[in-house]
Amino acid sequence: MRAGLAFALALPLALGACGGGSGGGGGTAAGDPDTLRVLDYYNDEPNRSVWQGVLDGCATEVGVSIERESVPGEGLIQRVLQASSSRTLPDVLMLDNPDIQQIAASGALAPLTDFGLGTEGYAEGVVDASTYDGELYALQPVTNTIALFYNEQVFEEAGLTPPTTWEELKTTAAALTEGDRYGVAFSATNSYEGTWQFLPFMWSNGGDEADIATPETAEALQLWVDLLRDGSASQSVVTWGQGDVNDQFKAGNAAMMVNGPWNFGSLAENPDLRYGVVPIPAPEAGGTVVSPFGGEAWTVPQTGDEEKMAKAAEFVQCLNSDENVVAASVGTNTVPTRPELTDDAVAQVPELESFAEQVPDLRARTGQLGEEWPAAATKIYTAVQNALVGGMTPEDALRQAQDG
Amino acid sequence: MADALVRGGTSAPAAPVTARPGGGRRGRPGRRGQRLVEALFLVPAALYLLLFFGYPVVKNVVMSFQEYTTRTFFTGEAPFVGVDNYVNVVTSPVFDRALLNTVLFTLGSIAGQFVLGLAIALFFQRRFPLSGVMRSLILLPWLIPMIAGSAVWRWILDADNGVLNRVLEALPFVDAGPQWLTSTSLALVAVIGVNIWLGIPFNMTILYGGLQEIPEELYEAGELDGATGWRAFRHITWPMLRPVVTVVLVLGVVYTLKVLDVILGLTNGGPANSTQLISTLSYDTSFRQFDFGGGAALGNVLVLLSLVFAIVYLRFNRRAVDE
């Protein structure tokens with residue numbers, strides 16, 4: 001008899017709990033006092049090397065050596081939970097920003113203000129995501145978000161300019177849909193990725209994650225429904241992750257796509273593709289576009305070794321120094337979270353400009369709901385899918401998901 | 001074990017009657033030693049079962065009655081909440097859908113896998129040139145890691161550029177290829193299809209093995225009585241294959257109920273929950289929403305489904321055999 005994966009996967013976690021109960025911080029106490037253990041999920045290029053450079057630089061500056069472990073992205077949270085039950089948390093931990101509050105709520109993280117770290121100069125949204133219950137638990141050097149990529153060649157041939165409003169998005173996408181090519185591609189998959197892509201449309205129109213059964217959110221969802229119904233976007237958007245969306249755009253199967261700057265490297269592999277990046281269209285001309293911000297933050301877990309935690313905090317501070325922020329931003333195609341540094345980064349990577357412009361208005365996914373965010377995110381992608389292919393009107397789909 | 005107990009039992013009254021302490025002493029340690037050795041042989045298996053089957057099952061049942069969240073991992077506190085987790089998961093709007101999908105997915109997969117597996121096994125019962133090579137080729141789906149397999153199937157089934165729809169659209173009477181994985185009405189059919197493809201090698205291999213065990217003489221004798229073709233299958237092959245069929249079906253249902261990777265790779269339960277199963281819902285609840293108690297409760301629902309099926313099937317089968 002097999003009880004699904006739930007307990008098969010929970011087994012190592014639970015056994016980990018058994019093994020570590022008596023250890024009480026043994027994991028760190030056993031280590032060299034001048035060695036900091038670092039855990040992150042930057043296991044792909046260019047992230048791996050760029051961050052290795054930044055980490056090595058900070059190790060020298062703080063006067064410690066580091067032991068770095070990079071796990072695959074989807075395995076990080078399970079790894080953290082396992083380590084927190086066996087009391088073998090690393091000294092410096094990277095977390096995806098929407099996960100910070102969840103982990104902070106468990107008590108596994110140390111408030112950074114205890115070590116004199118502050119948030120002067122950081123964009124407000126970024127600070128929101130790193131704060132739980134009024135305490136700061138993380139510092140995030142760089143961020144990313146999504147914008148509208150467009151195929152310059154296709155636009156030139158059609159004599160069109162990139163859309164700036166929803167109405168223009170619909171007409172432009174319809175005009176550029178031809179043969180095997182769709183006008184626009186985005187990800188509406190049933191995962192947090194689908195929710196993340198829907199948020200700029202929902203938030204820019206005044207929608208709110210606390211209650212999604214509102215006319216504002218319904219209008220945003222109607223826009224996506226219209227794009228599908230007009231045939232301007234493939235029905236496959238409901239299964240496409242952002243990687244699939246990028247593949248479609250790269251292959252010329254979509255004239256526009258909603259995606260982020262982490263695709264620059266992949267898009268450069270197609271030398272025939274000329275593309276530009278503009279902000280996501282606003283509901284009305286001149287409206288403000290509010291996008292979610294992505295990227296990872298650095299935290300100091302509660303390891304029980306005060307001295308080491310102080311060193312770890314110093315290390316996190318160093319990762320957020322002006323010089324390192326710009327290095328990480330330029331090296332990994334991300335944007336500094338402190339607007340004062342964006343000019344330096346954009347001067348070196350001009351394509352980042354559309355993303356950098358949005359930083360002051362970026363909103364944190366967990367800013368309002370905190371650790372309740374996963375439940376709300378699930379409601380949002382469920383409603384989106386029900387309206388796109390489940391035969392429900394946006395209003396009904398949102399109402400049902402909200403009440404669910 | 002039972003044998004040792006019986007022998008131990010008969011010796012006990014014998015010892016005082018003979019009143020020969022020496023003899024008793026000689027005999028008892030020997031028997032006791034033997035019993036000890038026997039017990040020691042059982043220890044590894046018992047430990048293994050306890051550690052890898054007993055512990056997880058008990059832990060999972062306990063977890064399903066606790067509020068087990070990310071917090072629990074750090075604090076170790078998991079307050080008992082009675083049947084709240086069960087009430088929450090069973091009353092959630094997705095549960096009914098997931099339960100129905102699980103039943104349809106299991107029935108559809110098993111029916112397809114078994115019928116096709118049996119047909120192929122019967123086909124390979126005849127010897128013909130290259131039959132050995134072809135039989136090994138049929139095992140291929142079994143050898144491909146499911147993550148790779150489902151990625152390839154996603155491409156094949158892609159509505160716009162997938163090879164299946166490209167072929168279909170080339171036919172004169174097809175306007176637009178079906179939305180295999182992206183329409184709520186077809187997605188479940190498509191994932192069942194992929195799971196059938198995946199299950200055929202298992203069914204074929206076991207059934208082929210069973211067919212090899214049926215003595216050739218039975219068919220020869222049957223032929224003399226005029227039982228060939230369908231009648232030979234109905235009256236010789238099927239009754240002789242019954243025990244193997246039982247094994248294949250019971251294992252097949254248990255394997256299919258817990259299928260997770262196929263769905264995660266193809267549709268992730270979507271679109272609009274149309275391929276959401278209890279197993280994927282359990283995974284999602286535990287590892288995406290961090291509600292480990294709710295995930296454990298769903299896992300137990302799945303165990304219960306397996307148990308109910310196993311009991312019903314074994315009962316039914318025993319009666320059939322008794323008759």
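My aim in this report is to walk through the structure given alongside it, one point at a time. (Residues numbered from 1 in each chain as written. Chains lettered and ligands numbered in written order. Predicted model: local features only at pLDDT ≥ 70, side-chain atom pairs only at ≥ 80, totals over all residues.)

Some points on the overall build of chain B
Scanning chain B for helices and strands turns up 15 helices and zero strands. Counting across all 323 residues of chain B, residues that qualify as buried make up 31%. Restricting to contacts in chain B with at least 6 residues of sequence separation, those with at least 24 account for 67%. (Helix = DSSP H or I, 4+ residues; strand = E, 2+ residues; numbered from the N terminus. Buried ≥ 20, exposed ≤ 12 C-beta atoms within 10 Å, placed from the backbone. Contact = placed C-beta atoms within 7 Å.)

Section: the overall build of chain A
Broken down by element type, chain A carries 18 helices and 13 strands. For 404 residues, the compact-globule estimate of 2.2 N^0.38 gives 22 Å, and chain A sits close to it at 22 Å. If one aligns the C-alpha atoms of chain A with their principal axes, the spans along those axes are about 65 × 55 × 40 Å. Taking all 404 residues of chain A together, 54% fall into the buried category. Partitioning the intrachain contacts of chain A with sequence separation of at least 6 by distance along the chain shows that 75% fall at a separation of at least 24. (Rg over C-alpha atoms; globule rule 2.2 N^0.38 Å.)

Quick look at the interface of chain B and chain A
Of the residues lining the interface, 48 residues belong to chain B; the matching set on chain A comes to 36 residues. Of all elements in the fold, only α2 (21-63), α3 (70-75), α14 (278-287) and α15 (292-322) of chain B reach the threshold of two or more residues within the side of chain B that touches chain A. Here the side of chain B that touches chain A takes 10 residues from α15 of chain B, the largest share from any one element. Among the residues forming the side of chain B that touches chain A, the class breakdown is 22 nonpolar, 20 polar and six charged. (Nonpolar A, V, L, I, M, F, W, Y, C, P; charged D, E, K, R; others polar.)

With respect to the sheet that holds strand β2 (residues 65-70) of chain A
In any sheet, the strands associate via hydrogen bonds between backbone groups, in a parallel or an antiparallel arrangement. Residues and elements named next belong to chain A. Strand order across the open sheet formed by five strands is β2-β1-β3-β12-β6, with mixed pairing between neighbours. Edge positions in the open sheet fall to β2 and β6 (138-139), since each of these has one partner strand only. Inspection of the sheet shows strand β3 (residues 92-96) paired to strand β12 (residues 296-299) by four bridges, in the antiparallel sense. In the sheet register, aspartate 96 faces β12, and the bridge partner there is glutamate 296. Relative to the sheet, helix α3 (residues 47-62) contacts β1 (35-40) and β2, its axis offset from that of β2 by approximately 160°. (Pairing = 2+ DSSP bridges. Axes fitted to C-alpha atoms, helices over the stretch in contact; angles between N-to-C directions.)

Considering the environment of arginine 31 of chain B
Residue and element names in this part refer to chain B. As for its placement among the helices and strands, arginine 31 is situated in helix α2. Residue arginine 31 is classed as partly exposed on the basis of its 14 C-beta neighbours within 10 Å. Taking C-alpha positions, arginine 31 is 62 Å from asparagine 273, a pair spaced 242 residues apart along the chain.

Digging into the sheet that holds strand β8 (residues 147-151) of chain A
All names here are of chain A. The sheet built from four strands is open, its strands ordered β9-β10-β8-β11 with mixed pairing. Strands at the two margins of the open sheet, each flanked by one partner only, are β9 (182-185) and β11 (275-278). Pairwise comparison of adjacent strand axes, ignoring direction, gives a mean angle of 20° for this sheet. Alignment of β8 against strand β10 (residues 254-259), held across four bridges, turns out to be antiparallel. Bridge pairing in β10 links alanine 147 to asparagine 259.

Brief notes about helix α11 (residues 216-224) of chain B
Among the nine residues that make up α11 of chain B, zero are buried, leaving the element largely open to the surroundings. Just past α11 of chain B, the residue glycine 226 of chain B takes up positive phi, approximately 90°.

Here's the deal with the environment of threonine 165 of chain A
Residues and elements named next belong to chain A. Along the polypeptide, threonine 165 turns up in the loop between α7 (152-158) and α8 (166-176). Exposure remark for threonine 165: the 15 C-beta atoms within 10 Å place this residue in the partly exposed category. In sequence terms threonine 165 and proline 283 are 118 residues apart; their C-alpha atoms lie 5.4 Å from each other. Ignoring any residue separated from it by four or fewer positions in sequence, one finds threonine 165 in contact with Pro281, Ala282, Glu284 and Ala285.

Topic: helix α14 (residues 322-332) of chain A
Residue and element names in this part refer to chain A. If you check which residues of α14 are buried, you get Asn324, Val325, Val326, Ala327, Ala328, Ser329 and Thr332. The elements touched by buried residues of α14 are α3, β7 (142-143), α13 (306-319), β13 (335-336) and α15 (342-348). The first or second residue beyond α14 is asparagine 333, which carries a positive phi of 55°.

Some remarks on the pairing of β8 of chain A
Residue and element names in this part refer to chain A. Among the five residues that make up β8, five are buried, leaving the element largely enclosed by the rest of the structure. As paired strands, β8 and β11 are joined by four bridges and run antiparallel to one another. Each bridged residue has a counterpart across the sheet, and for tyrosine 150 the counterpart in β11 is glycine 276.

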